[in-house]
Amino acid sequence: MSKTLFSSSSGFRYFSGASAAESAEPTRLPKILDGCDYEHWLVVMEAPLRYPLRDEIVCGYTRTLAMVLGSEEEAKKSIYSVSTKYYYAFGCKIAENLAHQIKSLPNVKWVLPDSYLCHGGNGYGGEPFVNGEVVPYDEKYHTDWLKDQNDDKSLNKIFSKKPRRKRKKKFSKDQEDA
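Residues numbered from 1 in each chain as written. Predicted model: local features only at pLDDT ≥ 70, side-chain atom pairs only at ≥ 80, totals over all residues. Heavy atoms only, no water.

## With respect to the environment of Trp110
Okay, so step 1: Mapped onto the secondary structure, Trp110 falls in strand S8 (residues 108-113).
Okay, so step 2: With relative accessibility at 34%, the residue Trp110 sits in the partly exposed group.
Okay, so step 3: Linking Trp110 and Leu42, residues 68 residues apart in sequence, is a C-alpha distance of 8.1 Å. (Helix = DSSP H or I, 4+ residues; strand = E, 2+ residues; numbered from the N terminus. Buried < 20%, exposed > 50% of the residue type's maximum accessible area, 1.4 Å probe, protein only.)

Given below as structure tokens:
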């Protein structure tokens, strides 16, 4: 996931839900991460209600993208990764002007330029979506995300063990006189 920012008249912001004040096209700022080509986009969705099945979540992603592309078939061709377990998002390869349209769709939280996980590679996060199907789930697709979450938790951990103090022996008057 890229941390590329966009600016608007109100200052810096991510691509997110549109309101009348935010409907102007954002201005592209210099990239923060390599691998960001403004053709690959990460669409972060609101968490679904209740606990839908994985396939139902992916169908929702396909229907969302189809609203901009015109058909579910085109949407399936464009999606290259999905995430349905730790966060709700999908990666898609589309033109930048279409990414601007997606941000105003229902249940879309953010639209971010996606970037490679490794410089020089073409691996993106999430579960691969190939030929309109999600590959069988494997924890390895979220290894980096899980590691980051665990690192964040360990930084916030408060240690309750206090250093021990040396105790001074207390003597009674009788012991001092002896």
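Having seen the structure, we can now continue with the description.
## Things to note about the layout of surface pockets
Okay, so step 1: Roughly 270 Å³ of internal volume is contained in the second largest pocket.
Okay, so step 2: Along the wall of the second largest pocket there are 16 residues; nearest its centre are Met45, Pro48, Ile57, Gly60 and Asn107.
Okay, so step 3: Take the lining of the second largest pocket: its biggest share by element is seven residues, from helix H1 (residues 54-69). (1 Å grid on protein atoms, 1.4 Å probe; cavity = no way out; pocket = protein on both sides within 12 Å on 5 of 7 lines; lining within 4 Å. Points joined across faces, edges and corners; volume = space filled by probe spheres on them.)

## Section: the pairing of strand S9 (residues 127-130)
Okay, so step 1: Burial of S9 is one-sided: the residues Glu127 and Phe129 facing one way are buried, the residues Pro128 and Val130 facing the other way are not.
Okay, so step 2: Where strand S6 (residues 79-83) and S9 come together, two bridges link them in antiparallel fashion. Bridge pairing in S9 links Ser81 to Pro128.
Okay, so step 3: Pairing geometry for S9 and strand S10 (residues 133-134), over two bridges, is antiparallel. Bridge pairing in S10 links Phe129 to Val134. (Pairing = 2+ DSSP bridges.)

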